[in-house]
Amino acid sequence: MNNYFYLATKNVFNTKTTIKKILLLGFSIFLLIIIFSFKSSMLTYINEGIKKNLDYKSLSVDQDFDTNTKKIIESFKKIKHVNDAFLDNYNLMVVYTNTFSHSGSFYLKSINKKDSPNLIKGNFFSDENEIICPQNFYPNDNLEGNIINYKYLIKMNNYINKDIDISYNIYNPDETFIKKDAKLLISGIYENNSSYIDENICYCSLNLIKKIYDESYKNINQENVLSSIIVRVDNTENIDYVKSEITNLGYTAFPIIQLKNCFINTIKILIYIVMIFIIILVVVIINFINKKNIDAKKKTFIIYKSCGFTRVQMIKILIMENLIIGCLSLLCTLTFIIFLFAILNVLVYHNPFIFSKFPIILDLKSVLFFIVIMLLVSVNDVGYLKKHILKDTL
C-alpha cells in the first residue's frame, strides 16, 4: 500500500495538469456545497419565520354589535387546537424606552405560556408587569430604513431581573396626548438569532397590554369601536380545522397572514431542480477529469507493465491518484468555503435588507454526496480503464 501511495503521489505532483484538475474538481465541490447550503439556508429561513411569527397561526374573526364578546371568546377557547382568544386591541402595543444607550420604541405583544418563545435565560413572566425580551434587542427608533446597524444591538443577557423604564401615550379627544411613565421587569430573554424581524418585540401578558390600551384610550369614546377577535392556534397545520369550527359557530375567520404554500412549494421545486442540474454537472466534470487522467497515463501504464506491474496493481495506483487529487481539492475548497461563509455571516446576517437575518448555513452533507459521486465515477472509470487502456498495454 505504501508503494502504491508513493507512486500515486509522485505521479500527482510531477504532472503539469494537476493544478488544473484540482481547481476544476474544487469548482465542482464548491458548486455542490453552495447549492446544498443555499437549500438549507432558504428552507430554514422560511420555516423559522413561519414557526416564530405568531401571526401565521392566528385568525381574525369579525363580530357585530350584537355579539356577546366575552361569551364568544370563551367558546373560541374551547375549540380544539386553540391556544388563546382575545380582542385585537390587546394583541400589540407600542411603548418607548430610554433605559439603554440608544432610546427608542418597541412592541409589546401578548402571549400565554403555550406560545412561549425559546427562552435561553430567565423565566416566563409570572406577573403582569414582567416581560420577555429578545436576546439581541433593537428599539424601533434606531432602525435606519430596514437595515439593522449591528453596533446598536443591545445584548440583553445582563438585564435579566432588572427594571426598564417605559412610557406610552394617553390620548385626548382633541388628538393631543400626554406621556405616562412606568417600569417593567425583564423576567427572561428568548433566542432570536435564527428568526427574523423580531429585535424590537418583547412578549408580555394579555393583562399588561389590556391595562396599557385601556389607559391610553380612556379619554376616547370607544362605544362605536368594534374590534375583531384574534384566535391563536397551536400551529399552522391546524389553521383550517379551527377556521372550519369557527364557521360552524356562525362566524367568519380570516388568517392574519395567508400562508402561501404554493409559493413556498414553488421555491422548493426550483431549488431541487437546480440541485439536480448541479449534481449532473458535477458528475460530468468528475468523469471528464478522470477520463482525461486515464488517457494521459497510457505511456505510464506501458512503463509499469515493463516493470512487472499487474493489471490490479496499476488500477490501485490510478485509484490512489484520484483519491489524492480529490482530497486536495476537498481540502482547498473547504478552506475557501469556511472563510467565505464567515464573511457572508457578517455581510448578510448582520446587515439584512430584504432578507432580515437570512441564515448562512454551511451544509456539509454535500461533502458526503461528493464522496459518493467520486466512488461511483471511480468504479465506472475502472471499467473504462480496462476496456480502452489496459487492453492495449497488456
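This is a predicted model, so every value here is computed, not measured.

Definitions and cut-offs
Residues numbered from 1 in each chain as written. Predicted model: local features only at pLDDT ≥ 70, side-chain atom pairs only at ≥ 80, totals over all residues. Heavy atoms only, no water. Buried < 20%, exposed > 50% of the residue type's maximum accessible area, 1.4 Å probe, protein only. Helix = DSSP H or I, 4+ residues; strand = E, 2+ residues; numbered from the N terminus. Arc of directions from axis to C-beta. Contact = heavy atoms within 4.5 Å. Patch = residues over 30% accessible without salt bridge, like charges linked within 9 Å, V, L, I, M, F, W, Y side chains within 5 Å. Areas by Shrake-Rupley, 256 points an atom, 1.4 Å probe, with all protein chains shown as cover. Salt bridge = Lys/Arg side-chain N within 4 Å of Asp/Glu carboxyl O.

Caption draft 1: Region of interest: helix 3 (residues 69–77). Residues of helix 3 that are buried include every one of Ile72, Ile73 and Phe76, and no others. Down the axis of helix 3, the buried set is contained in an arc of 105°. They therefore lie on one face. The exposed set on the far side of helix 3, more than 90 degrees from its buried face, consists of Lys70 and Lys71. Where helix 3 is buried, its residues contact strand 1 (58–61), strand 2 (82–87), strand 12 (229–233) and helix 5 (239–248).

Caption draft 2: Spotlight on a nonpolar patch on the surface. Judged by side-chain polarity, Phe339, Ile343, Val346 and Leu347 come together as a nonpolar surface patch covering roughly 390 Å² of accessible area. Among the secondary structure elements, Val346 is positioned in helix 8 (residues 311–349). The class of Val346 is partly exposed, set by a relative accessible area of 46%.

Caption draft 3: Structural view of the pattern of salt bridges. Following the criterion strictly, the structure yields 8 salt bridges and no others. Measuring nitrogen to oxygen at the nearest pair gives 2.7 Å for the salt bridge that ties Glu215 to Lys180. Of this pair, Glu215 sits in helix 4 (residues 206–216) while Lys180 sits in strand 10 (residues 177–190), and the two are 35 residues apart along the sequence. By relative accessible area, Glu215 is classed as buried at 18%. Here Lys180 falls in the partly exposed class, since its relative accessible area comes to 28%. Put simply, Lys210 and Asp214 hold a salt bridge, and the shortest N to O gap is 3.1 Å. Taken together, the residues span about one helical turn, with Lys210 and Asp214 both in helix 4 at a distance of 4 residues.

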